[in-house]
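# Examining the three-dimensional arrangement
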Amino acid sequence: MHDRHDPGPPAEEHDTPAEVDAAFRTLRRVALGHVAVFTGVLAAVPLLTGALAWWSQGRLFGGMSPMFAMTAFGLYAFFFTVCLAAATLSNAVEERMLGGPGRDAPRGDGPPAA
Amino acid sequence: MSNGSLPLAGVIALLWGAMYLVTQVLAAPPLGTGTTVLIGAGLTTALVVGYPSALRGPRSKGRTRSAPARLQQGRHGTTIAAVGRSMPLRSGLTADGARRTAQLLQPLLSGAAVAITDRERVLAFAGPGAGHHRSGDAAAPPTAGALSRGKTVLVRRGGELGCPAPECPLRTAVIAPLTDGKRTVGTLQVFRCDGALTPRGVVEGLAGILSLHLELAELNRRQRLAVDAKLDALRAQINPHFLFNTLNTIASKAHTDPEETRQLLVRLSDFFRYVVRQEGHFAKFGQEYFFVRTYVSLEQARYGERVRVRYDIDPQVLTARVPVLIIQPLVENAIKHGLTDKVEGGTVTLKARVDPLTRTTSIRVADDGAGIPADVLERISNGERRPGDGQGLSNIAGRLASLYGERYRLDIRSSEDGGTVVDLQTPLG
């Protein structure tokens, strides 16, 4: 509830439905792209097991096979990276596609210096 | 996307199919899976890396020639041709350019001193006598004769050079004017200490080469001015009718919907702030997108449901650099000439993509409006204009040509009652 002197919400929070729709579609592209990468890497683990004997029989540090190291540590690091990348890109997209001029706009008010 | 990533994906799929056929079906015994995967991965990498080069085509002869030309810049004084190919004065008759030119010329002239002046002052001096002839000094008195007559002046006695230093070794001089087309803007002066004159033809030849560089610099400057003027024209071209109509729309809503009125005023303010504040010839697509959104929302306030819009934006394109005020005029054309001529209105689609492989930004503005009659479309394609025609498309094409040369594509397809599609492809910046 606004008091009498509240100037009200800034105008840039009123995006048109077409603009929100566009941002949604772009965010969906971001999500689908990251899901594709996620799925590709996840599917590569069993595929490599069938394709490369070294993947499951080789030995890395501590006697771990590459597949074990990947499933024990690598996948978690990858999940974290993918999530971070998706969230960062999604935020940037939303900031650039909705609301006011955004972070890239020319700054300042009033007439130009020239 | 005829030359984008999709054909590459198809070729890679075919490659893997062929790999499977050759290594697993035709070969006896079949190759190991690991080997097959490694070969396939290697070939795929080669394809992905080589594909952009293949799309760009063979390197031009000009580009091939530029490498040895660059190499010869370092070999100062080897030949006059090398001096001609180097371009220290391509940025105009500046002190820095003159200094580099004098240093380049001096070894060519058997130890003679070389000076380059503008109409009043010495810009650079190299060779014997450089200890007391410095840049910024007043030019030697005979310079005035060469500047006023536009002809070469020969000075045969050291006293005529007007040098106050008694130990000055310079005895003779050949002073040739430098021109940037029609105006004499300075001189090239070649001094000798042995009493002989440097051959006049050599000095005039060198002055001719430098004058050509200065003329090119002047042409470049005029070209930049022309591009700036086109952008200014586009900024000034914001149709006054658009402003009147928008203000009328806002006025009509002032009593019934104050909140929408306020929003429209803010959007109108954003619109003009962007036009006025945008500096330079490029902006991030995200900024141009905001400008287009602002424009469209103002038009929608006027036309209501008759103007619909659909944005289809690639996430990567938002940070790509695009020429300023290019997309909004295309959208404006689509609304003004496409949709408003149809009673039921229509939809404008703005689609933007980036192809990282070909390093291009593709922007498509399409409408399902009235379309362009075939004769008008042909006239537009040929760049012809008639009184009353807008200058949006011709201005855009001119600016794109100035900014990118031949490295852009602007295609317009239209059919009457079938709408218009404008495709723009620019290098990814």
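In this text, all values refer to a predicted model and were calculated from it rather than measured experimentally. (Residues numbered from 1 in each chain as written. Chains lettered and ligands numbered in written order. Predicted model: local features only at pLDDT ≥ 70, side-chain atom pairs only at ≥ 80, totals over all residues.)

The subject of this paragraph is the overall build of chain A. What chain A contains, in helices and strands, is 3 helices and 0 strands. Out of the 114 residues in chain A, the part that is buried amounts to 9%. Partitioning the contacts of chain A with sequence separation of at least 6, the portion at a separation of at least 24 is 61%. (Helix = DSSP H or I, 4+ residues; strand = E, 2+ residues; numbered from the N terminus. Buried ≥ 20, exposed ≤ 12 C-beta atoms within 10 Å, placed from the backbone. Contact = placed C-beta atoms within 7 Å.)

Glancing now at the overall build of chain B. Of regular secondary structure, chain B possesses 13 helices and 12 strands. A sequence separation of at least 24 residues applies to 63% of the contacts in chain B between residues at least 6 apart.

Before going further, it helps to examine the interface of chain A and chain B. Facing 22 residues of chain A, the contacting portion of chain B comprises 25 residues. Of the residues belonging to the side of chain A that touches chain B, the class tally is 13 nonpolar, 4 polar and 5 charged. (Nonpolar A, V, L, I, M, F, W, Y, C, P; charged D, E, K, R; others polar.)

Moving on to the sheet that holds strand β1 (residues 113-117) of chain B. Residues and elements named next belong to chain B. Pairing in this open sheet of 5 strands is antiparallel, and the strands run β2-β1-β5-β4-β3 from one edge to the other. The sheet is open, and its two edges are formed by β2 (122-126) and β3 (153-155), each paired on a single side. Across the sheet, the mean angle from the axis of one strand to that of its neighbour is 15°, orientation sign disregarded. Sitting on the sheet, helix α5 (residues 95-105) is in contact with β1 and β2, with an inclination near 25° to β2. Packing of helix α6 (residues 142-149) onto the sheet brings it into contact with β1, β3, β4 (172-179) and β5 (184-192), and relative to β4 it is tilted by some 35°. (Pairing = 2+ DSSP bridges. Axes fitted to C-alpha atoms, helices over the stretch in contact; angles between N-to-C directions.)

The next subject is the packing of helix α10 (residues 285-303) of chain B against helix α11 (residues 327-339) of chain B. Residue and element names in this part refer to chain B. Direction vectors running N to C along α10 and α11 enclose 25°, while the axes themselves pass 9 Å from each other. Considering their axes alone, α10 and α11 lie roughly parallel with respect to each other. Where α10 crosses over α11, the handedness of that crossing is right-handed. Residues Glu288, Phe291, Val292, Tyr295, Val296 and Glu299 of α10 form the contact with α11, whose own contacting residues are Ile327, Gln328, Val331, Glu332 and Ile335. In terms of residue class, the contact of α10 with α11 is made up of 7 nonpolar, 1 polar and 3 charged. (Parallel < 35°, antiparallel > 145°, perpendicular 65-115°, else oblique. Left-handed = near helix turned anticlockwise from the far one by under 90°.)

Glancing now at the nonpolar core. Residue and element names in this part refer to chain B. Val292, Ile313, Val331, Val348 and Val365 are the most contacted members of the largest nonpolar core, which has 48 residues in total. The element contributing the most residues to this core is α10, with 9 residues. Dropping the residues within four chain positions of it, valine 365 is found in contact with Leu330, Val331, Ala334, Val348, Leu350 and Val422. Counting residues in each nonpolar core, the second largest holds 37 residues, with Val122, Ala124, Ala126 and Leu188 among its members. (Core = buried A, V, L, I, M, F, W, Y, C linked by C-beta atoms within 7 Å.)

Residues and elements named next belong to chain A. Feature annotation in UniProt places "transmembrane region" (unreviewed entry) on residues 35-55 and 67-89, given in this structure's numbering. Along residues 35-55 one finds 95% helix and 0% strand; the C-alpha atoms at either end are 24 Å apart. With 100% helix and 0% strand, the stretch residues 67-89 has end C-alpha atoms that lie 30 Å from each other. (UniProt positions renumbered as here; feature names shortened; annotations may be inferred.)

Right, let's get into unusual backbone geometry. All names here are of chain B. Even without being glycine, leucine 325 reaches a positive phi, approximately 55°. Of note in this structure, aspartate 417 is not a glycine but carries a positive phi near 65°. Along the chain, the position of aspartate 417 falls in the loop between β11 (409-415) and β12 (419-427). Owing to 9 C-beta atoms within 10 Å, aspartate 417 belongs among the exposed residues under this scheme.

All names here are of chain B. Pairing in this open sheet of 5 strands is mixed, and the strands run β7-β9-β10-β12-β11 from one edge to the other. The open sheet terminates on both sides in strands that have one partner only, identified here as β7 (307-313) and β11. Going from strand to strand, the sheet's axes swing by 10° on average, the running direction of each strand aside.

Turning our attention to the environment of Gly34(B). Along the chain, Gly34(B) turns up in helix α2 (residues 33-56). Residue contacts for Gly34(B): discarding those within four places in its chain leaves Ala51(A) and Leu52(A).

A word on the packing of helix α9 (residues 258-277) of chain B against α10(B). Residue and element names in this part refer to chain B. Viewed as axis vectors pointing N to C, α9 and α10 meet at an angle of 140°, and their least axial separation amounts to 9 Å. As the angle between them shows, α9 and α10 are arranged oblique. In the crossing of α9 with α10, the sense of the turn from one axis to the other is left-handed. Each of Leu264, Arg267, Leu268, Asp270, Phe271 and Tyr274 in α9 lies in contact with α10, whose residues at this interface are Phe291, Thr294, Tyr295, Ser297, Leu298 and Ala301.

In the sheet, β11(B) pairs with β12(B) via 7 bridges, with the strands oriented antiparallel. If you follow Arg413(B) over to β12(B), its bridge partner there is Val421(B).

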